[in-house]
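# Inside the fold
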Amino acid sequence: MTTATLYRSTRPGPGISFELYPPRTPKGEATLTRTVGALAEIDPDYFSITYGASGSTRTTSRDLIGRILTDTPITPLAHLTCVGACEDDLAEYVSSLLQAGVRDFLALRGDPPAGQPDWRPHPEGLTRASQLVQLLRRLAAEHLGTDGADVSISVATYPGGSYDDAGRPVVAQDDVSALLEKQAAGADFAITQLFYDARHYAELVRAARAAGVHIPIVAGLIPLTDPGRLRRMVELTGVAVPPELLTHLDTAPDKEEAYRRGLAASVQLVHDVLEHGAPGIHFYTFNSSRAVLDLLHASGLR
Ligand code: FAD
């Protein structure tokens, strides 16, 4: 079973998956090895492996995918971005992954490099994730000799963190249109950017369904146990953390109490998104297993 059918199967319980990134240092390498071992033990549905902006971690991402394939029974799902690369180059990389046995992809646009005002997109490159979805389908058909259906392609989607004047969550219409375009290009399911209020997830799903999106929308979550990380994620994603959550964590008498408070808030968020019908939860792990395992146990999911 590829991840394409996972969220449509009738088995009980939500899909559980984890995001990993390729390590940058020997210490990070050792941490990752422990994390993969600990997370593999709970038999997740897949590990997704990030791909550095503009392909900067191409080799290390492929190495990590190879390790997941050979050292664990867990399916690897390869992130892939298209911004800044020419189509032939992307095709070569995808072909090498298909040859290695990878069948699951997350097709992303990626972000132009920050702080490089002279940067220009590749003249023979792709500019949208929907084009990468089409390229992946075509390459899968060429390499696997089928209509490309043996390959699962997921895409990103964005609940955001904005509210209207009445305090209701608001989702950007462009992001819903982008998701519809990615579905039309052949995407099998979507994974959300992180969010902190389950009502944003519910609003995204409502708006997407109203626009004609029928593919499963998996909730992407981070454990809310580390206020420093939450602040860094605001800079990286632009999604605001509710101030009351930060105050609740900041006013804990010590780190362990802050952790316990964050864990309780995370359990509530997990339960809320499942109540809103999330078919799966994708955890951004930051290559650390403690918080996601505690969260899974405390939520009753493992
Ligand atoms: P697209 O879907 O192409 O959208 C790009 C922009 O165009 C958006 O603003 C969108 O609203 C607009 N747009 C597209 N189509 C339409 C349309 N039809 N109508 C109107 N507007 C449209 N980045 C990495 O570099 N490496 C990673 O490994 C990585 N992993 C990620 C994993 C997840 C789950 C998520 C949510 C994001 C990840 N990212 C990663 C970040 C991602 O590359 C950025 O968020 C990027 O800015 C947008 O990528 P996209 O695939 O959503 O782009």
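What you see as residue numbers is a count from 1 along each chain, following the sequence as written. Local features in a predicted model are, by the rule used here, given only for residues with pLDDT of at least 70; side-chain atom pairs are given and counted only at 80 or more, and totals for whole chains, interfaces and linings are based on all residues. Excluding hydrogens and water, the side-chain values take into account all heavy atoms of the structure.

Numbering of helices and strands runs from the N terminus; a helix is a DSSP stretch of H or I covering at least four residues, while a strand is a stretch of E covering at least two. The number of helices and strands found in the chain is 11 helices and 10 strands. Along the three orthogonal principal directions, the C-alpha set of the chain runs to about 55 × 50 × 45 Å. Out of the 302 residues belonging to the chain, those deemed buried represent 51%. For the chain, contacts bridging at least 24 residues in sequence account for 78% of all contacts bridging at least 6. The sign given to each residue is positive for Lys and Arg and negative for Asp and Glu; His and the chain ends receive no count. Note that the charge is assigned to NZ on lysines, CZ on arginines, CG on aspartates and CD on glutamates. Side chains of the chain carry 27 positive and 36 negative charges; the gap between the two charge centres is 2 Å. We call a residue buried when its accessible area falls under 20% of the maximum for its residue type, exposed when it is over 50%, and partly exposed in between, using a 1.4 Å probe and counting protein chains only. Whether two residues touch is decided by their heavy atoms; if any such pair falls within 4.5 Å, the residues are in contact.

This part covers the site of the ligand. Whether a residue is near a molecule or strand depends on its heavy atoms: it is near if one of them lies within 4 Å of it. Near the ligand, the surroundings consist of 23 residues, among which Tyr51, Asp111, Tyr158, Glu181 and Lys182 are the closest. Pairs of N or O atoms within 3.5 Å make up the polar contacts considered here, provided that, within protein, one atom can donate a hydrogen while the other can accept it, and that residues adjacent in sequence are counted only when both atoms are side-chain atoms. Here an oxygen atom of the ligand and a side-chain polar atom of aspartate 111 are 2.5 Å apart. One of the backbone nitrogen or oxygen atoms of alanine 129 is found 2.8 Å away from an oxygen atom of the ligand. At the level of secondary structure, the elements contributing two or more residues to the shell around the ligand comprise β3 (75–81), β4 (104–108) and α6 (173–185). Residue contributions to the shell around the ligand peak at 6 residues, all from α6. Across the shell around the ligand, the residue classes tally to 10 nonpolar, 6 polar and 7 charged. Amino acids outside the nonpolar list (Ala, Val, Leu, Ile, Met, Phe, Trp, Tyr, Cys, Pro) and the charged list (Asp, Glu, Lys, Arg) are all regarded as polar, and Gly is one of them.

Moving on: the environment of tryptophan 119. Following the sequence through the fold, tryptophan 119 ends up in the loop between β4 and α5 (129–144). Taking C-alpha positions, tryptophan 119 is 8.9 Å from glycine 84, a pair spaced 35 residues apart along the chain. With residues near it in sequence (within four places) discarded, tryptophan 119 still touches Val83, Gly84, Pro112 and Pro113.

Moving on, we get to the packing of helix α8 (residues 227–237) against helix α9 (residues 243–250). Where α8 contacts α9, the two axes come as close as 10 Å, and the packing angle between them is 150 degrees. Considering the angle they form, α8 stands roughly antiparallel to α9. The two elements α8 and α9 cross, and the hand of that crossing is left-handed. Facing α8, whose interface residues are Pro227, Leu230 and Arg231, α9 presents Leu245, Leu246, Leu249 and Asp250. A per-class count over the contact of α8 with α9 returns 5 nonpolar, no polar and 2 charged. Simply put, an axis is a line fit to the C-alpha atoms, just over the touching stretch for a helix, and the angle between two N-to-C directions goes from 0 to 180 degrees. Under this scheme an angle from 65 to 115 degrees is roughly perpendicular, one under 35 degrees roughly parallel, and one over 145 degrees roughly antiparallel; angles in between are oblique. By definition, any crossing whose near helix is turned counterclockwise from its far helix by less than a right angle is left-handed, and any crossing with a clockwise turn is right-handed.

So, on to the packing of aromatic side chains. Here the aromatic set is Phe, Tyr and Trp, taking the six-membered ring for Trp, and pairing holds for ring centres within 6.5 Å; pairs whose planes are under 30 degrees apart are stacked, those over 60 apart are edge-to-face, and all others are tilted. Enumeration over the complete set of coordinates arrives at 6 aromatic pairs. Both rings, one in phenylalanine 18 and one in phenylalanine 47, keep their centres 6.3 Å apart while their planes meet at 35 degrees; by these two values the pair is tilted. Residue phenylalanine 18 is located in strand β1 (residues 15–20), and its partner phenylalanine 47 is located in strand β2 (residues 46–49); the two are separated by 29 residues in the primary sequence. With respect to burial, phenylalanine 18 and phenylalanine 47 carry one shared label: buried. Relative to tyrosine 93, the ring of tyrosine 51 has its centre 5.5 Å away and its plane inclined at 50 degrees; by these criteria the two rings are tilted.

All right, on to the state of the cysteines then. Cysteine sulfur atoms are paired as a disulfide whenever they fall within 2.5 Å. A complete count under the given rule lists 0 disulfides for this structure. There is no disulfide at cysteine 86, and the cysteine sulfur nearest it, in cysteine 82, is 12 Å away.

Glancing now at the side chain of serine 299. By the secondary structure assignment, serine 299 is in helix α11 (residues 290–299). A polar contact is formed between the side chain of serine 299 and the backbone oxygen of leucine 295, at a distance of 2.5 Å.

As a further point, take the pattern of salt bridges. Every case where a carboxyl oxygen of Asp or Glu lies within 4 Å of a side-chain nitrogen of Lys or Arg is listed as a salt bridge. Following the criterion strictly, the structure yields 16 salt bridges and no others. Taking the shortest distance from any N to any O, the salt bridge between arginine 168 and aspartate 164 comes out at 3.0 Å. For arginine 168, a relative accessible area of 51% gives the class exposed. Here arginine 260 and glutamate 257 are joined by a salt bridge, their closest N and O atoms 3.2 Å apart. Of this pair, arginine 260 and glutamate 257 both sit in helix α10 (residues 255–275), separated by 3 residues, roughly a single helical turn. The structure contains a network of salt bridges with shared partners spanning Glu87, Arg138 and Glu142.

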